[in-house]
Amino acid sequence: MEYQEDYNIEQEEPARRPEMLTVLCILSFINAVWNGISNFFSFVFYDMFQSIFKQMSEGEGMFEDLAEQMGDSWEIMVNASSMTALIGRGYYFFEMALYIASFVGVLMMWKLQKRGFHVYTIAQILMLITTSVFVTSKIGGGFPFGPIFWTALFVFMYYSHYKNVMK
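Quantities reported herein were computed from a predicted structural model and do not represent experimental measurements. (Residues numbered from 1 in each chain as written. Predicted model: local features only at pLDDT ≥ 70, side-chain atom pairs only at ≥ 80, totals over all residues. Heavy atoms only, no water.)

Moving on to the side chain of Gln50. Relative to the elements of secondary structure, Gln50 occurs in helix α3 (residues 46–58). Setting aside residues up to four positions removed in sequence, Gln50 forms contacts with Thr84 and Ala85. (Helix = DSSP H or I, 4+ residues; strand = E, 2+ residues; numbered from the N terminus. Contact = heavy atoms within 4.5 Å.)

Right, here's the structure in full:
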């Protein structure tokens, strides 16, 4: 008996993912999947969407009656949707790829791997830059405070776990 006790090797418990990190990862998973799918469909059906926006702007086909009923509101909506024609198809492909990278980074952080933080952060920063280059510069608009705020908040919250939990 004494012999067995001397050679018992204590096994370390695997690191537990903190609840807050779990919540962050789930929110990021939802965001990455939703936006990845959205950008996929925008990329695949780009020509069809452009055709629909063109019909809307001309008030043709099924939009003819609707344009009459909505009046000035229709013009506002058409102006807003016509701006999407200025955004190239490549934007949606690049955004989809970045959301896939973001998903992979979150998956790594879910498994408590430090590399995931770097993959996620780089993908998020590239998304901000891509949106500024492809969208804001072409259709105008102000400084993207909202996206920068949310990106910084999530990166900061992930970073607090990066230092303490991830390996």
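Let us now look at the side chain of Glu95. Mapped onto the elements, Glu95 comes out in helix α6 (residues 89–110). When near neighbours in sequence (up to four residues on either side) are disregarded, Glu95 contacts Asn39, Met127, Thr130 and Thr131.

Here we come to the environment of Lys114. Relative to the assigned elements, Lys114 resides in helix α7 (residues 114–139). Remark: the alpha-carbon pair of Lys114 and Met166, spanning 52 residues in sequence, is separated by 5.3 Å.

Residues Glu58, Glu60, Glu64, Asp65 and Glu68 make up a contiguous surface patch of negative charge. The biggest single contributor to the negative patch is helix α4 (residues 63–70), with three residues. Here Glu58 is to be found in helix α3. Owing to a relative accessible area of 44%, Glu58 belongs among the partly exposed residues under this scheme. (Patch = residues over 30% accessible without salt bridge, like charges linked within 9 Å, V, L, I, M, F, W, Y side chains within 5 Å. Areas by Shrake-Rupley, 256 points an atom, 1.4 Å probe, with all protein chains shown as cover. Salt bridge = Lys/Arg side-chain N within 4 Å of Asp/Glu carboxyl O. Lys, Arg positive; Asp, Glu negative; His and termini not counted. Charge placed at Lys NZ, Arg CZ, Asp CG, Glu CD. Buried < 20%, exposed > 50% of the residue type's maximum accessible area, 1.4 Å probe, protein only.)

The next subject is α6. For α6, which comprises 22 residues, the first-to-last C-alpha distance of 32 Å matches the rise-based estimate of 32 Å (1.5 Å per residue) to within 8%. Buried residues of α6: Tyr91, Tyr92, Glu95, Met96, Leu98, Tyr99, Ser102, Gly105, Val106, Met108 and Met109, and no others. Positioned one or two residues after α6, Leu112 has a phi angle of 65 degrees, which is positive. (Expected span 1.5 Å × (residues − 1).)

Interaxial distance between α3 and helix α5 (residues 72–82) falls to 9 Å at its minimum, and their mutual angle equals 150 degrees. With respect to α5, the axis of α3 lies roughly antiparallel. The chirality of how α3 crosses α5 is left-handed. Packed against α3, whose contacting residues are Phe53, Met56 and Ser57, the element α5 presents Trp74, Met77, Val78 and Ser81 at the interface. (Axes fitted to C-alpha atoms, helices over the stretch in contact; angles between N-to-C directions. Parallel < 35°, antiparallel > 145°, perpendicular 65-115°, else oblique. Left-handed = near helix turned anticlockwise from the far one by under 90°.)

Counting residues in hydrophobic clusters, the biggest one holds 15 residues, and the most contacted among them are Leu21, Cys25, Val106, Met109, Phe117, Tyr120 and Tyr158. If you list the elements that add at least two residues to this core, you get α2 (19–44), α6, α7 and α8 (145–164). Discounting residues that sit within four places of it in the chain, Met109 has contacts with Leu21, Cys25, Gly116, Phe117, Tyr120, Tyr158 and Met166. (Core = buried A, V, L, I, M, F, W, Y, C linked by side-chain atoms within 4.5 Å.)

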